[in-house]
Amino acid sequence: MDTLSYKTISANNSTVEKQWVIVDAQAAILGRLASEVAKILRGKTKPSFTPNVDCGDNVIVINADKVRLTGDKWDAKVYVRHTGYPGGQRISTPRLLKQKSSAILVEKAVRGMLPKNRLGRKLYGNLYVYEGAEHPHAAQQPKAITL
């Protein structure tokens, strides 16, 4: 038996095949949508997945303003951040974030599901979230994916 057939093939930056995909968030539940988008960004849906390489696709999320939350999470869920100054703890709810921009909700949910290191920061750059149905990435010919 040829031992070369047992070699594990690891992807690297030159051998990765990245594509553009578009995901419609209309009537999608936020956490379920975010977990699927994070898997696509990470590249876990591909057979050539390598944990330490950015082998995922570029993801465009449209209709982020029509995303859903179950239960009373619009008011009960809290996002906590700190300014760095004494007494600088700030609390926000999904309802308040949606008033600013509903794209922030999807971005925060997906970012929390990515690795917390250099690779995760790079993967986050491959995410594009838009509130409406229009996006400026038509030249990339994104492939539509249903979740």
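From a predicted model like this one, the values you see are computed outputs, not experimental measurements.

Caption draft 1: Summary view of the pairing of strand β4 (residues 89-92). Examined bridge by bridge, strand β3 (residues 79-82) and β4 share 4 bridges and lie antiparallel to one another. Note on β4: the bridge partner recorded for Val80 is Ile91. What sits between the antiparallel neighbours β3 and β4 is a turn of 6 residues, in which Gly84 has the positive phi angle 100°.

Caption draft 2: Spatial organisation of the pairing of strand β2 (residues 58-62). For β2, the buried fraction is high: 5 of the 5 residues fall into the buried class. On β2, burial covers both faces: Asn58, Ile60 and Ile62 on one face and Val59 and Val61 on the other are all buried. In terms of strand pairing, strand β1 (residues 20-24) meets β2 through 5 bridges, oriented parallel. Across the sheet, residue Val21 finds its bridge partner in β2, namely Val59. In the classification by handedness, the crossover that spans β1, the intervening helix α1 (residues 30-42) and the parallel β2 is right-handed. When β2 meets strand β5 (residues 127-129), the two strands line up parallel, connected through 3 bridges. For Ile60, the partnering residue across the bridge sits in β5 and is Tyr128.

Definitions and cut-offs
Residues numbered from 1 in each chain as written. Predicted model: local features only at pLDDT ≥ 70, side-chain atom pairs only at ≥ 80, totals over all residues. Heavy atoms only, no water. Pairing = 2+ DSSP bridges. Helix = DSSP H or I, 4+ residues; strand = E, 2+ residues; numbered from the N terminus. Buried < 20%, exposed > 50% of the residue type's maximum accessible area, 1.4 Å probe, protein only. Right-handed = clockwise from strand over helix to strand, strands pointing away.

That is the geometry; function is a separate question.
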